[in-house]
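Structural characterization, general
Here is what each chain is made of, one letter per residue.
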Amino acid sequence: RAAKLENETSFLKKQAEEAKAETAKVNERLHKMQKLRSLTPDQTDKLSALLRSEKFKIAPMTTFRVASVADSESRMYAMQFQSLFASCGVNVSPTPYGGVNECSQINPDADGLVMTVKSLEITAEYQPYIHFENLMQAMGLSLGIQVNPQQHDLAILNVLRKPNEI
């Protein structure tokens, strides 16, 4: 009987350890999901340098609209981009109340940031957006590209829901 109780106790201790380890993994995933996206000071400096450079100062004035899904984390991240763009002299075409534009997201997206362009044609007017895409990738910020020939603006930065990191 004592041996049986000892085996059961050992089994229960093992299960408790496994449950504790699984709980730690779940807590780590929850913490990652709750962490807000934000531009780091280094990313802000690099983007600012590009946005203020001659690469972005072409005629007519470069317009880079910023849009976000209706999610508070995404909207706050989008506002960082819009504020940075505006402070660097980029025409952001804000909404009448000064906020970011709205976009929708139907399916999950691995990037969380998508630049929608009117065309993939490599012309002088698209050079600023190509430089932006290259810098984002170099900084480790994944940026998907979509084409919408019907859109009015040359480029829109869409901030989608935070990618699932689980």
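Residues numbered from 1 in each chain as written. Predicted model: local features only at pLDDT ≥ 70, side-chain atom pairs only at ≥ 80, totals over all residues. Heavy atoms only, no water.

**Remarks on the overall build of the protein**
For the protein, the count of helices and strands is 4 helices and 5 strands. For the protein, the sequential pattern of α-helices and β-strands runs α-α-β-α-β-β-α-β-β. Looking at the 166 residues of the protein, the share that counts as buried comes to 35%. Sequence separation of at least 24 residues holds for 81% of the intrachain contacts in the protein that already meet a minimum separation of 6. Carbon and sulfur atoms provide 55% of the accessible area of the protein, an area that totals close to 10,400 Å². (Helix = DSSP H or I, 4+ residues; strand = E, 2+ residues; numbered from the N terminus. Buried < 20%, exposed > 50% of the residue type's maximum accessible area, 1.4 Å probe, protein only. Contact = heavy atoms within 4.5 Å. Areas by Shrake-Rupley, 256 points an atom, 1.4 Å probe, with all protein chains shown as cover.)

**Considering the nonpolar core**
Across soluble globular proteins, you tend to see nonpolar side chains buried next to one another. Counting residues in hydrophobic clusters, the biggest one holds 30 residues, and the most contacted among them are Leu47, Phe64, Phe81, Phe85, Phe132 and Met136. The element contributing the most residues to this core is helix α3 (residues 72-87), with 5 residues. Contacts of Phe64, omitting those with residues within four sequence positions, involve Phe56, Phe85, Val90, Asn91, Val92, Met115, Tyr129, Phe132, Ala155, Ile156 and Leu157. Ranked by size, the runner-up nonpolar core spans 6 residues in total, among them Ala67, Cys103, Ile156 and Leu160. (Core = buried A, V, L, I, M, F, W, Y, C linked by side-chain atoms within 4.5 Å.)

**A look at the packing of aromatic side chains**
A complete count under the given rule lists 9 aromatic pairs for this structure. With centroids separated by 6.5 Å and ring planes inclined at 10°, the aromatic side chains of Phe56 and Phe64 adopt a geometry described as stacked. An identical accessibility class is assigned to Phe56 and Phe64; each is buried. Ring-pair connections join several aromatic residues into one group, and the members of that group are Phe56, Phe64, Tyr77, Phe81, Phe85, Tyr126, Tyr129 and Phe132. (Phe/Tyr/Trp six-rings, centres within 6.5 Å; stacked < 30°, edge-to-face > 60°.)

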